[in-house]
Amino acid sequence: MTELITIKVNGKVHNVEADPEMPLLYLLRNDLRLNGPKYGCGIERCGSCMVLLNGKSQPSCVIPASSAAVYEVTTLDGLAKNGRLDPVQEAFIEEQAAQCGYCMNGMIMSAKSLLAENKNPSDEQIRQALNRVLCRCGTHTRIISAVKKAAAKMKNS
Amino acid sequence: MKDHTHFSSDRRSFLKSSGHLVIGFQLFPALAAITGFEDKSVCEIEPVADGQTIDAWIRFDADGKLSVITGKMELGQGIRTALMQMAAEELDIPMNRVKIIIADTGQTQDERYTAGSGSIEGSGRAIRNAAAEARQYLLKLAAEKLQTEVENLSVKDGVVISSKSKKTVTYQELVTGKRLEVEVTGKAPLKDPASYKLVGKAIHRDDIAQMAAAKAYYIQDMRLPGMVHARILRPPVYDSKLVSVPKEQIAKAPGVLKLVVNGNFVAVIADKEYTAVKALGILKTDAKWDSKPLSVLPQNLYNNILETASDSKVVEESGGSVPAKDFTHEAVYKKPYQMHGSIGPSCAIGLWKNDLLTIWSHSQGVYPLRKTISDLLKLPESKIRVIGVPGAGCYGHNGADDAGGDAALLAMEMPGKPVRVQWMREDEHKWEPYGSAMLLSIRGRIGAAGKIDAWDTEICSDTHSSRPGGNAGHLLAGRHIAKPFTFKSGGFSGGSHRNSVPLYDFAAKKISLRDFDGPLRSSALRSLGAYGNIFALESFMDELAWKAGEDPVAFRLTHLKDERARQVITTLVQKAGWGQGKGEGFAFAQYKNSAAYLAVKAEVTIDKAAKTYQLTKLSAVIDSGQVINSDGIINQTSGGMIQAASWTMLEEVKFDKTGITSTTWETYPILRFDQVPHTEVHIIHRPGDEPLGAGEAAQGPTAAAIANAIFHATGSRLRELPLTPDKINWEKIS
């Protein structure tokens, strides 16, 4: 019950023989061996598995891989360009915006999506944009600072 | 101090290195080959049996790299970096030449559990002493080489310089071509904290860079060659008995390798992860269980606790007994069961190969887990290696060990194949051992001078530690298999009364404890009983202050002689202000009455029309003695406050007669960004003092500060957690 799924991930086209109902998350993690999107809840309630679908952050744990194939998929693994980390990644490192870091994928991908639409978000807008992503360590305040720093970096670059 | 330079090489399996210096205790047993996570992908680690004690703390290699070797686990608290800082400081080498090997029964010492904010006080102290010993030893070698006295030598970035001749020699040069092993005597002089260059600084964690760059960092990211995937079908309720499973249906599903049914332990193993997930779906729908309904339910939980708890045992009593009628005030506080709620459900990998079982686990205690798996499988510990690999934050004893037990059982079913067990979200929510429900009755007397002169607390609590310390009955797998191991409840009750003894000067104090065996599985959750005990103690202090007509902060200070306690409180007032608005709450505690001091102020605003409140800000001052990594302390304290705010405002495990009903983040909500307060953390630096555990200091005080702020804002005294807005008497507010 598998079929060939042709899907563009991080700028590269992949052909994967897979169960068409399989959520995108499993394809990314297991077939493409990407580490960015994480399994957290499996029902789109925690944001650990966030990816960009045509540039917009979306959970990858429910959407079937075959349905996701219409989008260009970007994962945390694919944000770096020419060996240089994305400004959002850099900002999270500089602000040390993690404890266990398991939520960081969801935070960075949601921030990436926000900053593509809004170059100068307010605290309130950042909170709204990241609200889907759960952090259990309580690193929220640093994560907000990191997103603001990323916005400033992107303006200056 | 021994020089083992002349040991024959066949005595040990050494690293292929051109020389090294190893510092530890009683360095006799073999050192297993070191192949750490730092150097290679986790997938490439070759299992190595140890079978003997491994007791090195640090190793300095001829490549100029220092390896810190700790039995403690990285849990997101930043212990890797702090321990590396301590070693690098003592040896005067830069951080980029230090790496660390964490919890692994094949490579590191048995340091039991990474728990109780004890890693800096325990492992940190040992590593500091070992590094001092190494420095002293290297300086002796350098003195010979440079033909001078140790007193004339100084070190900068791993280069030893003679003040007389200005000649230099590097640590590397001193170690090259030698295999040196030195025992810790405890006599090597420690550096003067005044000269610290690394300790106390906000050194960045290198693991955060790995996480941000999507490197394989977590156990969930491990992909071993030939790895197969397992899912566990847990019973609907704790004591359910399996009646039937749809064996044929599962057997014909393509890709399913094995269905394991062992008593009430059911697992499916498949070649692909999603195949296992789908098979689990079929099992969940079609397996039949015989379940006894739970008899104790949330509506009768606290009554049941009072009815069934053991007789009272005195924890501490001083100043003579006070007749019950003399108490002027009393109150009862309640805490429900609460979850660790790790964002990443538990995961483990087991591999049974060449007569050796290797388990990769995010357990807080690799050695105790090894002992427990040994009990479970009746396999000698010498044939088991447990390797610690970080998972998502655990905040105590969650499903990590249980998943390790699952992986051990299943690895034996699939010889030669690495079996990856990944719990589903529902598994973690339903089966992790929760922080126990607690019932706290406190009585107090305000004496003639307007001061409290008598205090009496009675705690009712189930256990705050049912960790698997060698008894397979403490693993779910051990309880569910056909020949089940028995779970022995009770034992350590220290967690139940943690922080129950007030630090305040009361003429008479009595603290007593009643144990109960509650309906839900419970164990260690960050700060153990301190969260509930401080919530009650510091709420009651606030109640008595208002009753006495005193300002709550001033009232505490009149009862407090401890200078460091006074200083965190007065510093908080300076930094965060006090007495300026409506909705301010204050609380204080010294964690475990022996670790970090922390004072916190909570600020809430209310929306009377919407009958709700918002926690707007939490400010803290912490004194954890000598600061190792200031950024780490701020991160842990701010995070601790936010997590405690989540517990306090929202969290309660829901259950009914059919079992746990908090099975998702919707049925067990935790704080999201829209409710997260601003936080501010100030540190009191005490470079000349011992470092004190800090990671759990914020949990209890935060809870009480929020309750006290709600009282200040609304006049409603909420004594039952969580402090949901429906418990506030909105009619009372003018």
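Residues numbered from 1 in each chain as written. Chains lettered and ligands numbered in written order. Predicted model: local features only at pLDDT ≥ 70, side-chain atom pairs only at ≥ 80, totals over all residues.

> Looking at this structure, how should I read the overall build of chain B?
The secondary structure content of chain B amounts to 16 helices and 28 strands. Its C-alpha atoms give chain B a radius of gyration of 27 Å, within 12% of the compact-globule value 27 Å for 734 residues. For chain B, buried positions account for 55% of its 734 residues. Sequence separation of at least 24 residues holds for 78% of the intrachain contacts in chain B that already meet a minimum separation of 6. (Helix = DSSP H or I, 4+ residues; strand = E, 2+ residues; numbered from the N terminus. Rg over C-alpha atoms; globule rule 2.2 N^0.38 Å. Buried ≥ 20, exposed ≤ 12 C-beta atoms within 10 Å, placed from the backbone. Contact = placed C-beta atoms within 7 Å.)

> In this structure, what is going on with the UniProt feature "domain: Aldehyde oxidase/xanthine dehydrogenase a/b hammerhead" (unreviewed entry) in chain B? I would like to understand it.
The UniProt record annotates "domain: Aldehyde oxidase/xanthine dehydrogenase a/b hammerhead" (unreviewed entry) at residues 213-293 of chain B. Structurally, residues 213-293 of chain B comprises 23% helix and 32% strand, and the distance from its first C-alpha atom to its last is 48 Å. (UniProt positions renumbered as here; feature names shortened; annotations may be inferred.)

> Just checking my understanding: could you explain the domain arrangement of chain B for this structure?
Frequently, the measure chosen for interface size is the accessible area removed from exposure when the parts meet. Domain annotation of chain B identifies domain 1 (9-206), domain 2 (219-291 + 340-431) and domain 3 (438-732). Taken residue by residue, the interface counts 23 residues in domain 1 of chain B and 22 residues in domain 2 of chain B. (Domains from an automatic or database assignment.)

> Which parts of the structure should I look at to understand the sheet that holds strand E21 (residues 452-461) of chain B?
Two pairing modes exist for strands in a sheet, parallel and antiparallel, and in both the strands are linked by backbone hydrogen bonds. Residues and elements named next belong to chain B. Sheet architecture is open: 5 strands sit in the order E14-E22-E21-E20-E15, paired in mixed fashion. Only two strands of the sheet have a single neighbouring strand rather than two, namely strand E14 (313-318) and strand E15 (329-335). The sheet shows a mean angle of 10° between the axes of neighbouring strands, taken without regard to direction. Judged from the 5 bridges that link them, E14 and strand E22 (residues 508-515) form a sheet pairing that is antiparallel. Opposite Glu 316, over in E22, you have Ile 511 as the bridge partner. Strand contacts of helix H7 (residues 301-308): E15, strand E20 (438-446) and E21, with the helix running at about 75° to E20, the strand carrying the most contacts. (Pairing = 2+ DSSP bridges. Axes fitted to C-alpha atoms, helices over the stretch in contact; angles between N-to-C directions.)

> I would appreciate a short explanation of the domain arrangement of chain A in the present structure.
Residues and elements named next belong to chain A. Taken domain by domain, chain A consists of domain 1 (3-78) and domain 2 (87-156). Using only C-alpha atoms to locate each centre, domain 1 and domain 2 end up separated by 21 Å. On the domain 2 side, the residues contacting the 13 residues of domain 1 number 13 residues. For the side of domain 1 that touches domain 2, the secondary structure elements donating two or more residues are strand E3 (51-53) and strand E4 (56-58). When its residues are assigned to classes, the side of domain 1 that touches domain 2 shows 6 nonpolar, 5 polar and 2 charged. (Nonpolar A, V, L, I, M, F, W, Y, C, P; charged D, E, K, R; others polar.)

> Help me understand the pairing of strand E3 (residues 66-69) of chain B, please; the structure alone is not making it clear to me.
Regular strands place their side chains on alternate faces of the sheet. All names here are of chain B. Along E3, one buried face is formed by Leu 66 and Val 68 and the opposite face, lined by Ser 67 and Ile 69, is buried too. Alignment of strand E2 (residues 56-61) against E3, held across 3 bridges, turns out to be antiparallel. The residue bridging Arg 59 from the neighbouring strand is Ser 67, located in E3. With antiparallel pairing between neighbouring strands as the criterion, E2 and E3 make up a hairpin whose turn holds 4 residues, including Gly 64 at a positive phi of roughly 85°. Note that E3 and strand E4 (residues 98-101) share 4 bridges and pair parallel. What sits directly across from Ser 67, in E4, is Lys 99. Handedness of the crossover is the feature at issue here: the chain leaves E3, passes through helix H1 (residues 79-91), returns alongside E4, and the resulting connection is right-handed. (Right-handed = clockwise from strand over helix to strand, strands pointing away.)

> I would appreciate a short explanation of the interface of chain B and chain A in the present structure.
Every contact between the two is made by 47 residues of chain B and, on the other side, 42 residues of chain A. The set of elements that each furnish at least two residues to the side of chain B that touches chain A consists of helix H4 (206-212), helix H6 (273-286), helix H15 (630-650) and strand E28 (678-683) of chain B. Tallying contributions element by element places H15(B) first for the side of chain B that touches chain A, with 8 residues. Residue composition of the side of chain B that touches chain A, by class: 19 nonpolar, 17 polar and 11 charged.

> What am I meant to see in the sheet that holds strand E7 (residues 168-170) of chain B here?
Residue and element names in this part refer to chain B. Across the sheet, 3 strands lie side by side as E5-E6-E7; this open sheet has antiparallel pairing. Of all the strands in the sheet, just strand E5 (153-156) and E7 have a single pairing partner and so form its edges. Each adjacent strand pair in this sheet contributes to an overall mean axis angle of 25°, direction not counted. Note that strand E6 (residues 159-162) and E7 share 3 bridges and pair antiparallel. By the bridge assignment, Val 160 is partnered in E7 with Val 169.

> Sorry, what's going on with the nonpolar core here?
Taken as a class, soluble globular proteins show a tendency for nonpolar side chains to be buried jointly. Ranked by size, the top nonpolar core spans 263 residues in total, and within it B:Ile58, B:Ala87, B:Val268, B:Leu598, B:Ile622, B:Ile706 and B:Ile710 carry the most contacts. Dropping the residues within four chain positions of it, B:Ile622 is found in contact with B:Val568, B:Ala596, B:Tyr597, B:Leu598, B:Ile633, B:Thr637, B:Val681, B:Ile683, B:Ala694 and B:Ala697. (Core = buried A, V, L, I, M, F, W, Y, C linked by C-beta atoms within 7 Å.)

> Explain helix H8 (residues 366-377) of chain B here, please?
For an α-helix, 3.6 residues make a turn, and residues three or four places apart therefore share a direction. All names here are of chain B. Helix length check: H8 (12 residues) gives 16 Å between terminal C-alpha atoms against 16 Å at 1.5 Å per residue, within 8%. Most of H8 sits inside the fold, with 11 of its 12 residues counted as buried. Inspection of H8 places Val 366, Tyr 367, Pro 368, Leu 369, Arg 370, Lys 371, Thr 372, Ile 373, Asp 375, Leu 376 and Leu 377 among the buried residues, and these make up the whole buried set. On its buried face, H8 sits against strand E17 (356-361), strand E18 (384-388), helix H9 (400-413) and helix H11 (476-480). Two residues or fewer past H8, Lys 378 is found with a positive phi of approximately 55°. (Expected span 1.5 Å × (residues − 1).)

> Just checking my understanding: could you explain the packing of helix H3 (residues 87-94) of chain A against helix H6 (residues 140-156) of chain A for this structure?
When two helices pack together, their arrangement is given by the angle between the helix axes and by the axis-to-axis distance. Residue and element names in this part refer to chain A. At a minimum axis separation of 8 Å, H3 and H6 run at an interaxial angle of 135°. One element, H3, and the other, H6, form an angle in the oblique class. The two elements H3 and H6 meet at a crossing, and its hand is right-handed. Touching Pro 87, Val 88, Glu 90, Ala 91, Phe 92 and Glu 94 of H3 are Ala 146, Lys 149, Ala 150, Lys 153 and Met 154, all from H6. Counted by class, the contact of H3 with H6 contains 7 nonpolar, no polar and 4 charged residues. (Parallel < 35°, antiparallel > 145°, perpendicular 65-115°, else oblique. Left-handed = near helix turned anticlockwise from the far one by under 90°.)

> Which parts of the structure should I look at to understand the pairing of strand E1 (residues 20-24) of chain B?
Residues and elements named next belong to chain B. Buried residues dominate E1, accounting for 5 of its 5 residues. Both faces of E1 are covered, namely the face carrying His 20, Val 22 and Gly 24 and the face carrying Leu 21 and Ile 23. Alignment of E1 against E2, held across 5 bridges, turns out to be antiparallel. When the sheet's bridge partners are listed, Ile 23 is paired in E2 with Ile 58.

> Just checking my understanding: could you explain the environment of B:Lys510 for this structure?
All names here are of chain B. Turning to its location among the elements, Lys 510 is positioned in strand E22. Residue Lys 510 is classed as buried on the basis of its C-beta count, with 22 C-beta atoms lying within 10 Å. Between the alpha carbons of Lys 510 and Val 568 there is a distance of 26 Å; along the sequence they are 58 residues apart. Ignoring anything within four residues of it in the chain, the contact list for Lys 510 reads Val 314, Glu 317 and Asp 456.

> I would appreciate a short explanation of the packing of helix H5 (residues 123-130) of chain A against H6(A) in the present structure.
Residues and elements named next belong to chain A. In contact at an axis separation of 10 Å, H5 and H6 are set at 110° when each is read in the N-to-C sense. The angle between H5 and H6 places the two elements in the roughly perpendicular class. Two packed elements cross with a definite hand, and for H5 against H6 that hand is right-handed. Contacts between H5 and H6 involve Asp 123, Ile 126, Arg 127 and Leu 130 from the first element and Ile 143, Ile 144 and Val 147 from the second. Its residues placed into classes, the contact of H5 with H6 shows 5 nonpolar, no polar and 2 charged.

> Help me understand the environment of B:Glu696 in this model?
Residues and elements named next belong to chain B. Its location among the elements puts Glu 696 in the loop between E28 and helix H16 (699-714). Taking the C-alpha atoms as reference points, Glu 696 and Ile 634, 62 residues apart in sequence, are found 12 Å from one another. In this structure, Glu 696 is in contact with Ser 117, Arg 526, Ser 527, Tyr 591 and Gly 640, ignoring residues within four places of it in sequence.

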